[in-house]
Amino acid sequence: EADSAPATSAEGACLQLRASRGLEKAGISVVVCGDIPSLGSWNPASALAMQKVGDLWILGKTPDGARAGTLFKYVVIESGVQPKWESIANRCWRAPEAPVLTNIFDSTSSEKLPKPPGQAKKFGV
């Protein structure tokens, strides 16, 4: 069976973040900052950097010590500016068997998966 993931997904990614307003400009980076040493122990300067792939920010592998319930936030880093933390409550690391969702910066909702072919509304005719 063919994988139906969008081409912008990185194979095996453990976190995905949509590059929304303010995350697409040059010269910024996004880090995953959390309550364990591999996520910087809440210090963005020591946090784990994400990689830009198309219009997504990707974290390719699970950090050492991260498990279901590990607390984290996304932080935007820009030279000469204070780090921009998400203003929402801390996120919780997903269980290993849970699907990888595309998060939206500073939002508690995730991107909705596209409807399967044939499920979209039909117009005209």
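For the structure itself, consult the block above.
Notes on the structure follow.

Turning to its location among the elements, Arg18 is positioned in strand E1 (residues 15–18). Engagement of the side chain of Arg18 in a polar contact is seen with the side chain of Asp55, the distance being 2.7 Å. With sequence-adjacent residues up to four places away left out, Arg18 is seen in contact with Leu23, Asp55, Leu56, Thr102, Asn103 and Glu111.

Glancing now at the sheet that holds strand E5 (residues 56–59). In spatial order, the strands read E4-E5-E1-E9; together these four strands make up an open sheet with mixed pairing. For this open sheet the edge positions go to strand E4 (51–53) and strand E9 (102–104), each flanked by a neighbour on one side alone. Taking each pair of neighbouring strands and ignoring which way they run, the sheet shows an average axis angle of 35°. Relative to E5, E4 runs antiparallel, the two sharing three bridges. Following the sheet pairing, Lys52 is matched in E5 by Trp57.

Cut-offs used in this document
- Sequence order as written defines the numbering, with residues in each chain counted from 1.
- Since the coordinates come from a predicted model, pLDDT governs what is reported: local features require at least 70, and pairs of side-chain atoms require 80 or more to be given and counted, while whole-chain, interface and lining totals use all residues.
- Based on all heavy atoms of the structure, the side-chain values leave hydrogens and waters out of the count.
- Numbered from the N terminus, helices here are DSSP runs of H or I no shorter than four residues, and strands are runs of E no shorter than two.
- Definition of a polar contact: a pair of N or O atoms within 3.5 Å, with one able to donate and the other able to accept a hydrogen when the atoms are protein atoms, and with sequence-neighbouring residues admitted only if both atoms are side-chain atoms.
- Working rule for contacts: check all heavy atoms of both residues, and any pair within 4.5 Å makes them a contact.
- Following DSSP output, two strands are said to pair if at least two bridges run between them.
- Angles here are taken between N-to-C directions and fall from 0 to 180 degrees, while the axes themselves are lines fitted to C-alpha atoms, restricted in helices to the stretch in contact.

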